[in-house]
Amino acid sequence: ERRKSLYDGLIVLPDAKRPQFAYVCCETRFDSKASFARNRSAYETKLCTEIFHFNALNNDVTTGKCTKSTDKAHKQIKISCAQCLLKFEPNGFVCVSSPSISTMLIVRDIARENSMRKKEAGLTLHADHADYVCIVSVKALLNMSKARTRRETVAASLDLTHELTCNNGISVDVITRNVDQEHIKIGFGHHLKSLLYIVSNYKYQGMHWFVLVNSMEGEVNFALDLPGGKRRLGENSFDCAVRETEEECSLIIDKSWIQTTEESAKDKGNLYFMLTPPEKLLTQSADEVTDHFSRLRTL
């Protein structure tokens, strides 16, 4: 019983093949009688507080939130939630979509404008911030993901490149840094691949999606993916998606955007929020955006 009581909580292990130590956060057991089962988020936050040695709780453990005081520490120490936590609260990813390309182009331009205003406000873009944000059709993405032969790959690549350049105003030279080849080689990130697999025969085929575009060095000229990433301790899936989206492309989203969610039957650790831009976003003034980033600078 004494030995059992020593290991009754969430455990942190170093990312190594043979870890030499472990950290145990007591009183967070996975049983129906323990506090963790009643309020998982709060006791993830308890662990977060103990790791980072900050007063990261918002007055009460039951809030389940870490304050912005831990942001700097999070950049220095990376902690990933294991599947035992992600099955309760997955990582959050975002797919902004609409059948109207004109609506999606407004969303793209807002993200680009936000990025520019961050710089004007004296803020540094996050290290994971995308090189470009673009709008592409789901049809073009599916054609690329399903291409098997060289001919299919070349045709799909040309169609997708046309959308990225003609619809999004980005020079091929700028994207690829190398145009002396038969066709441009495009890669898809894991999460874009996963969502395309989930919706391959679904209603989204007539939609346009908001994607991140990053220049690459090597066999692939540029890569496309969706905003989102790994959640922090005490963070719920959508809060994770909101934070990661702002970090990776400067687009600010909230719950009013949510239409539905998608999840892979095999990959239970990731949740995809399918979003549609609300009407109020399309009329957002430049002054509101500037004020938002001015406030961020003072935090």
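Description of the structure in this document. Note on numbering: residues in each chain are counted from 1, in written sequence order. Per-residue local features are limited, in this predicted model, to residues with pLDDT of at least 70; the limit for side-chain atom pairs, both in listing and counting, is 80 or more; totals at the level of whole chains, interfaces and linings are taken over all residues. Derived side-chain values reflect all non-hydrogen atoms in the structure, with water molecules and hydrogen atoms excluded from consideration.

### Considering the overall build of the chain
Now for step 1: Numbering of helices and strands runs from the N terminus; a helix is a DSSP stretch of H or I covering at least four residues, while a strand is a stretch of E covering at least two. Looking only at helices and strands, the chain has 13 helices and 10 strands in total.
Now for step 2: The 299 residues of the chain split such that 45% are buried.
Now for step 3: Only heavy atoms enter the contact rule, under which two residues are in contact if any of them lie within 4.5 Å. Relative to all contacts within the chain whose residues are 6 or more apart in sequence, the contacts with residues 24 or more apart total 65%.
Now for step 4: On the chain, roughly 16,600 Å² of surface is accessible, and the fraction owed to carbon and sulfur atoms is 50%. Accessibility here uses a 1.4 Å probe with only protein chains present; expressed as a share of the type maximum, an area under 20% marks a residue as buried, one over 50% as exposed, and anything in between as partly exposed. What sets the accessible areas is the Shrake-Rupley method with a 1.4 Å probe; for residues, cover comes only from the shown protein chains.

### Observations concerning the nonpolar core
Now for step 1: Side-chain atoms within 4.5 Å link the members of a nonpolar core, which is a set of buried Ala, Val, Leu, Ile, Met, Phe, Trp, Tyr and Cys residues. Among the nonpolar cores identified, the biggest contains 30 residues, and Leu141, Leu160, Phe188, Trp209 and Leu224 are the most heavily contacted of them.
Now for step 2: When residues of this core are assigned to their parent elements, the largest contribution, 5 residues, is made by helix H7 (residues 138–146).
Now for step 3: Dropping the residues within four chain positions of it, leucine 160 is found in contact with Val136, Ala140, Leu141, Met144, Ile186, Phe188 and Leu224.
Now for step 4: By size, the runner-up hydrophobic cluster in this structure holds 21 residues, among which are Val107, Ala130, Leu251 and Leu281.

### Some details on the packing of aromatic side chains
Now for step 1: Stacked, tilted and edge-to-face pairs are distinguished by plane angle, under 30 degrees for stacked and over 60 for edge-to-face with tilted covering the rest, among Phe, Tyr and Trp rings (Trp via its six-membered ring) whose centres lie within 6.5 Å. If you walk through the whole model with that rule in mind, you get 2 aromatic pairs.
Now for step 2: Aromatic pair phenylalanine 238 and phenylalanine 273: ring centres 5.0 Å apart, planes at 70°, arrangement edge-to-face. Here phenylalanine 238, found in helix H11 (residues 237–249), pairs with phenylalanine 273, found in strand S10 (residues 270–275); they are 35 residues apart in sequence, far enough to count as distant.
Now for step 3: Any Lys NZ or Arg CZ found within 6 Å of a ring centre and within 35 degrees of that ring's normal is scored as a charge over the ring. Taking the ring centre of phenylalanine 88 as reference, the NZ or CZ of arginine 40 above it sits at 3.8 Å.

### A few points about the pattern of salt bridges
Now for step 1: Salt bridges are counted wherever a side-chain nitrogen of Lys or Arg sits within 4 Å of a carboxyl oxygen of Asp or Glu. The final tally for this structure, using the stated rule, is 8 salt bridges.
Now for step 2: The salt bridge partner of glutamate 246 is lysine 118, with a shortest N-O separation of 2.7 Å. With a gap of 128 residues between them, glutamate 246 in helix H11 and lysine 118 in helix H6 (residues 101–120) connect regions that are remote in the sequence. For the pair shown, glutamate 246 and lysine 118 are each scored as buried.
Now for step 3: Two residues, glutamate 247 and arginine 243, come together in a salt bridge whose shortest N-O distance is 3.6 Å. Here the residue glutamate 247 and the residue arginine 243 both occupy positions in helix H11, the gap between them amounting to 4 residues, near one helical turn. Across the pair, arginine 243 and glutamate 247 agree in class, each one buried.
Now for step 4: Taken together, the shared-partner salt bridges in this structure form one network comprising Glu235, Arg243, Glu244 and Glu247.

### Some details on the packing of H7 against helix H8 (residues 150–166)
Now for step 1: In this analysis an axis means a line fitted to C-alpha atoms, helices contributing only their contacting stretch, and an angle means the value between N-to-C directions, from 0 to 180 degrees. Following both chains from N to C, one finds H7 and H8 inclined at 155°, their axes separated by 8 Å at the closest point. The orientation of H7 with respect to H8, classified from their angle, is roughly antiparallel. Pair H7 / H8 crosses with left-handed handedness. Across the interface between the two elements, Ala140, Leu141, Asn143, Met144 and Lys146 of H7 pack against Glu152, Thr153, Ala156, Ser157, Leu160 and Glu163 of H8.
Now for step 2: By the convention adopted, Pro, Cys, Tyr, Trp, Phe, Met, Ile, Leu, Val and Ala count as nonpolar, Lys, Arg, Asp and Glu as charged, and the other residues, Gly among them, as polar. Among the residues making up the contact of H7 with H8, the classes are represented as 5 nonpolar, 3 polar and 3 charged. Each angle receives one of four descriptions, namely roughly parallel if under 35 degrees, roughly antiparallel if over 145, roughly perpendicular if within 65 to 115, and oblique otherwise. Handedness of each helix crossing follows the sense of rotation of the near helix against the far helix: counterclockwise by less than a right angle gives left-handed, clockwise gives right-handed.

### Considering the pairing of strand S3 (residues 91–98)
Now for step 1: The buried count for S3 comes to 8 of 8 residues, which makes it a mostly enclosed element.
Now for step 2: Alternating positions in S3 separate into two faces, Asn91, Phe93, Cys95 and Ser97 on one and Gly92, Val94, Val96 and Ser98 on the other, with burial throughout.
Now for step 3: Looking at chain direction, S3 and S10 are connected through 6 bridges and run parallel. Its bridge partner being in S10, phenylalanine 93 is matched across the sheet by tyrosine 272. Note on pairing: two strands pair once DSSP finds at least 2 bridges between them.

On their own, these measurements won't tell you what the molecule is for.
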